[in-house]
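Each chain, written out:
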Amino acid sequence: GVPRLSPHPSPRPFDVLLAGQGAPAQGGIPRFLDAVRNSDLSTSFRLDYLNLMRRPVFDAGRLTLANVGRAFSDAWVLWRRAKRARLVHINSATVPLVTLVRTSLLCVAARLAGARVMLHVHGGLVELWLKDRPHKLLAHAFLWPANMLLAASEGSRDALASALGGKRIVLVDN
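Residues numbered from 1 in each chain as written. Predicted model: local features only at pLDDT ≥ 70, side-chain atom pairs only at ≥ 80, totals over all residues. Heavy atoms only, no water.

The helix and strand inventory of the protein stands at 7 helices and 6 strands. Here the protein, with 174 residues, has 41% of them falling under the buried criterion. Residue pairs in contact within the protein that sit at least 24 positions apart in sequence constitute 74% of those at least 6 positions apart. Accessible area of the protein: about 9,300 Å², with a carbon and sulfur share of 59%. (Helix = DSSP H or I, 4+ residues; strand = E, 2+ residues; numbered from the N terminus. Buried < 20%, exposed > 50% of the residue type's maximum accessible area, 1.4 Å probe, protein only. Contact = heavy atoms within 4.5 Å. Areas by Shrake-Rupley, 256 points an atom, 1.4 Å probe, with all protein chains shown as cover.)

Counting residues in hydrophobic clusters, the biggest one holds 35 residues, and the most contacted among them are Leu-78, Ile-90, Leu-149 and Leu-160. Mapped onto this core, the elements with two or more residues apiece are strand 1 (14-20), helix 3 (65-82), strand 3 (85-92), helix 4 (97-112), strand 4 (116-121), helix 5 (125-129), strand 5 (148-151) and helix 7 (154-164). Counting residues per element, this core draws most heavily on helix 4, at 5 residues. Contacts of Leu-149, omitting those with residues within four sequence positions, involve Leu-119, Val-121, Leu-143, Leu-160, Leu-164, Arg-168, Ile-169 and Val-170. (Core = buried A, V, L, I, M, F, W, Y, C linked by side-chain atoms within 4.5 Å.)

By secondary structure assignment, the location of Asp-74 is in helix 3. Those residues in contact with Asp-74 that sit more than four places away from it in its chain are Leu-52, Arg-54, Arg-102 and Leu-106.

Tallied over the full model, the rule gives 6 salt bridges. With its nearest N and O atoms 3.2 Å apart, the salt bridge here joins Arg-37 to Asp-34. Within this pair, Arg-37 and its partner Asp-34 are both found in helix 1 (residues 28-37), separated by 3 residues, close to a single helical turn. In this structure Asp-34 comes out as partly exposed when scored by relative accessible area, which is 36%. A salt bridge links Asp-158 to Arg-157; the nearest nitrogen and oxygen atoms lie 3.4 Å apart. Taking the relative accessible area as the measure of exposure, Arg-157 reaches 26% and is therefore partly exposed. Each of the salt bridges in this network shares a partner with another, and the network as a whole consists of Asp-15, Arg-46 and Arg-86. (Salt bridge = Lys/Arg side-chain N within 4 Å of Asp/Glu carboxyl O.)

Right, dumping it as structure tokens:
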């Protein structure tokens with residue numbers, strides 16, 4: 001099942017740092033993050049939020065100098081904020097390769113800050129992208145920093161399980 005944060009007090013000011021694309025982005029991830037932030041979870045957990053979308057991006061998922069710069073900038077900001085959280089819940093489409101590398105960088109930054117990492121894999125491309133062995137090996141190599149993965153569909157969960165050996169993957173109905 002989904003890991004539980006222990007009820008004992010923590011010296012860190014936040015229990016969970018939610019990280020992912022918010023406004024001005026539109027779509028599943030921003031809606032999901034808004035739903036979590038406006039849910040009853042805030043009565044049980046101290047939540048913080050890091051919007052990784054500062055302005056519209058038109059070259060997402062492609063290897064460009066701007067994307068590389070944003071990836072390192074976002075990882076730096078996430079690392080600084082993650083030092084104040086017990087768990088970082090990263091929300092990402094995760095594929096194609098450029099997005100996979102960026103997601104891995106964010107997970108590493110959170111782990112280096114001393115937080116546990118829950119990676120929520122969104123999007124329908126995961127199943128298609130993870131069909132061949134080279135992509136499965138890349139996913140295995142780049143997703144190691146996540147303590148747990150959440151899949152948004154059964155197909156994504158099965159594809160991730162095929163690439164990662166089935167461990168650390170939970171199906172979450174969005």
